[in-house]
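Residue-level listing of the chains:
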Amino acid sequence: MPVRSALRAGRPLRPRRYLVKWINKQRVLIFGSRGISHRDRHLMQDLRALMPHSKPESKMERKDDLFVVNEICEMKNCNKCILFEGRLKRDLYMWIANIPSGPSAKFLVENVYTMAELKFNGNCLKGSRPILSFDENFTRNPHYILLKELFVQIFGTPYHHPKSQPFIDHVITFSVVDSRIWFRNFQILSEDGALAEIGPRFVLNPIKIFGGSFRGQAIWENPKFVSPAMYRQQIRKIAAHKYENRLENKMTYEESRPKESYQLNPIDEIFSGDTLEKASEIETQALVRKVKELETPALKNNQVRSKKKKSEVKELETPTSKKNRVKLKKKKSKQLKDLNKQDKKLKPKKTHKQGKKFKKWKGTTTTKKCFINQKAAPVEM
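Note that this is a predicted model, so its numbers are computed, not measured.

Criteria and cut-off values
Residues numbered from 1 in each chain as written. Predicted model: local features only at pLDDT ≥ 70, side-chain atom pairs only at ≥ 80, totals over all residues. Heavy atoms only, no water. Core = buried A, V, L, I, M, F, W, Y, C linked by side-chain atoms within 4.5 Å. Buried < 20%, exposed > 50% of the residue type's maximum accessible area, 1.4 Å probe, protein only. Helix = DSSP H or I, 4+ residues; strand = E, 2+ residues; numbered from the N terminus. Contact = heavy atoms within 4.5 Å. pLDDT = per-residue confidence, 0-100.

1. Regarding the nonpolar core
So, point 1. Grouped together as the largest cluster of nonpolar side chains are 32 residues, with contacts concentrated most on I82, F84, F151, F155 and I181.
So, point 2. The dominant element in this core, judged by the number of residues it contributes, is helix α6 (residues 142-155), at six residues.
So, point 3. Not counting the four nearest positions on each side in its chain, F155 is found in contact with L47, M51, H53, I82, P130, L132, F174 and F183.
So, point 4. With 15 residues, the next largest nonpolar core counts M60, L66, C81 and F214 among its residues.

2. What about the environment of G211?
So, point 1. Mapping G211 onto the fold places it in the loop between β10 (201-210) and β11 (218-221).
So, point 2. Of the residues examined, G211 reaches a relative accessible area of 33% and is grouped as partly exposed.
So, point 3. Through-space distance from the C-alpha of G211 to that of A105 is 8.9 Å; in sequence the pair is 106 residues apart.
So, point 4. Not counting residues within four places of it along the chain, the set of residues in contact with G211 comprises S101, G102, P103, Q217 and I219.

3. Some words on the environment of H38
So, point 1. Positionally, H38 belongs in helix α3 (residues 38-50).
So, point 2. Judged by its relative accessible area of 53%, H38 is exposed.
So, point 3. Along the backbone, H38 and K89 are 51 residues apart, and their C-alpha atoms lie at a distance of 9.2 Å.

4. Some points on the confidence of the model for the protein chain
So, point 1. For the protein chain, per-residue confidence averages 79 on the pLDDT scale, and residues scoring 70 or more make up 71% of the total.
So, point 2. Throughout residues 319-323 the model reports pLDDT below 50, and contacts reaching past four residues in sequence, or to other chains, amount to two contacts.
So, point 3. Predicted confidence is poor over residues 355-360, with pLDDT under 50, and the contacts of this stretch with residues over four places away or in other chains come to 11 contacts.

Written out as structure tokens, the structure reads:
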């Protein structure tokens, strides 16, 4: 109520905050097209709860042109718009536009997590005003500067909005990682700066920025963007190449495989042909084996004897030295044993007289017999 009318009526003046006018009259229309999934619908409802200056609208037909959104916004008295467009119930696209002059931006929404899915402990008042924080990248590149201005005008609740409350208890962050914009919502726990995530959370992959609202010349286009349909097509092609390689391997195996396999069962040979002839052949083979078994031991004895004679002749012809004996010790061969036996035979036998020696005792002229071993040292008394 104006001040003059209140004074005339004799009523007391209201507090000062009610006298301040609502100057920034931003109204955002949030709605979607037919074909969005249940998760996308919950995300749309979460954004409506976060933004008290938003307005709902029923779903739009997919056949309609997007330029019709401008007329819907004018009917609802809105100057900003967030449109969710679903395709194949898999992919979600989001449009952000300034109506009616533009600009407008198109994003692919990835990694969507709603408030119901996350179940965080944090909470904020419905209708409270947020603090918008942006990454450093929003001040460097020109297309990010334009997107920052759009986000500020859409997600920032106007001061003294009728449905808003005069509290600031949560922070909405926009950060650029891997050429994508990451959206997060945090509650302010204390003045020290302690935060707790509330939700929702999602990632915006920018595709194009147009000069007008939902049409016009493309101001900027993402060169790294690959549509999800193309990505799925590439995966299918890779899988198709694997299948083709498998078929080629099968064909080569069938071509190189022998037509007739080996007859591994010996019993089949018995029943092939005349049975009497086969039986006679088996008997003759058995007799031949018995004769060979009887002849083999005599042959073996003769071979062993001939080998011994040859080894003796070689030993006489080629004398071995000490070094060769050392090598033979390492090998632990039979030749070393045979050489040791020969040395024992060639050595002269010791007699009883050879082991005796006579020695004079000190201080005496007599000689006494003392049996001393040749290897042991002499004993002095």
